[in-house]
Every structure is written in structure tokens, then in C-alpha cells.
Amino acid sequence: MKAIYPGSFDPVTCGHLDIIERATSVFDQVIVAVAVNLEKQPLFSVEERMELLRQACGHLENVSVDCFEGLTVDYARQKGAKVLIRSLRAVSDFEYELQMALMNKRLNPEVETLFMMTSAEYSFLSSSLVKELAHLGTSINGLVPKCVEEKLLAKLGRRAQEAEKR
Ligand code: ADP
């Protein structure tokens, strides 16, 4: 069975990767799909986020990386997938995820959202926290895949240089 793991992945963290790895042992094919959200101001472009996901998932044969605009359920229909994977960390994730899952169910009752629990060691981890740490010059080693660590430091370094010039 095919499943889609949609999200912002700005950038992919070890928490996301853990979910992707565990999902590959449940589903035959996992499509990690970067959602193009015009309302959010991402640090990484869609192309950059996809490239980082491709590198981070390189060891997983049944994972492909894609992006989509518009409704997730429409994208799922287009891909012939009936399952959306989302994951839960703390109780604080629950309300938003429930709302999304119920709305998606209303939009397309044939698509199921399946939730996976975070692994305990990543339960505190989010893309925004990682960006904040990197911005403050704190080590993010072990929180994100190596390729993300390098790209994040390069990007923030460049931003700092640009700010200095202004
Ligand atoms: P979105 O903006 O769609 O919430 P994210 O990239 O932040 O996208 O997250 C995608 C999915 O991954 C969400 O279901 C989120 O709860 C989950 N997730 C985020 N961080 C972690 C983590 N550390 N462990 C497990 N799941 C996570």
C-alpha cells in the first residue's frame, strides 16, 4: 500500500526521518511530499527542502520525494494513495492534527489519516526549534541529518554576512 507523508519539512529533522523510516516498514511505498504553503515564510525553498529530503532518505528504497500545491486530499487522489501519515509529539499537536484530519475526511472520505507517535528521543524536536538553535549558534548535531546541518549553517552564515553588509 502507498502512503503520503505531507508536511513543510523546513527543514527535515531526525524526528521526521524517524517517522519516515518506521513508515517504510509498514507501507510498500512512502511519498514524502513538501506542501507549498504560500502563507508561510519558509527558510528553505521547496527545491532545497526536497533536495535535503532526498539526501536524508537516500538509504530508503521505497521512499520518494515530491511536492504539491493545493489540497492534500487532491494530491493523494492524483497519486492513487489512500493513506496520509501524520505524527504526534505532545498533546499540543493533537488539536491541530485532529482538525486537519477531520477536514480532510470531509473533503475526501476515502482518504484515511494515520497517526504515528514520535519516538521519545525526538518528542521535543521541531523544525522551528532547530532553526532557532542554529540561528543562536548552538549545536544542532544529532537533531537533524548531517546534510541539513551543513546547509543550515551555510544559509545562516550567508544571512549573517548579508545583514552585516546592510
Ligand atoms: P506541518 O507544517 O504540515 O505541520 P511539519 O514539517 O512541521 O509540517 O511536520 C510534518 C509532520 O511531522 C506533522 O505531522 C508533525 O506533527 C510531524 N513532526 C514534526 N516534528 C516531529 C518530530 N520531532 N517527531 C515526530 N513527528 C514530527
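All values reported here derive from a predicted model rather than from experimental measurement.

Definitions and cut-offs
- Residues numbered from 1 in each chain as written.
- Predicted model: local features only at pLDDT ≥ 70, side-chain atom pairs only at ≥ 80, totals over all residues.
- Heavy atoms only, no water.
- Salt bridge = Lys/Arg side-chain N within 4 Å of Asp/Glu carboxyl O.
- Helix = DSSP H or I, 4+ residues; strand = E, 2+ residues; numbered from the N terminus.
- Core = buried A, V, L, I, M, F, W, Y, C linked by side-chain atoms within 4.5 Å.
- Buried < 20%, exposed > 50% of the residue type's maximum accessible area, 1.4 Å probe, protein only.
- Contact = heavy atoms within 4.5 Å.

Across all of its chains, the model carries 11 salt bridges by this definition. For D10, the salt bridge goes to K131, with nearest N and O atoms at 2.9 Å. Within this pair, whereas D10 is found in the loop between strand 1 (2-7) and helix 1 (14-24), its partner K131 is found in helix 5 (residues 127-135), the two being separated by 121 residues in sequence. Across the pair R86 and E97 runs a salt bridge, and its minimum N-O distance is 2.9 Å. Here E97 lies in helix 4 (residues 91-107) and R86 lies in strand 4 (residues 83-88), a separation of 11 residues in the sequence.

Turning to the nonpolar core, a few remarks are in order. If you look at the biggest cluster of nonpolar residues, it comprises 38 residues, and the most contacted ones within it are I20, L53, I85 and L152. When contributions to this core are tallied by element, the ones reaching two or more residues are strand 1, helix 1, strand 2 (29-36), helix 2 (46-56), strand 3 (63-69), strand 4, helix 5 and helix 6 (146-165). Not counting the four nearest positions on each side in its chain, I20 is found in contact with Y5, V32, L53, C57, L60 and V63. One finds A33, F68, A81 and L84 within the second-largest nonpolar core, a separate group that totals 10 residues.

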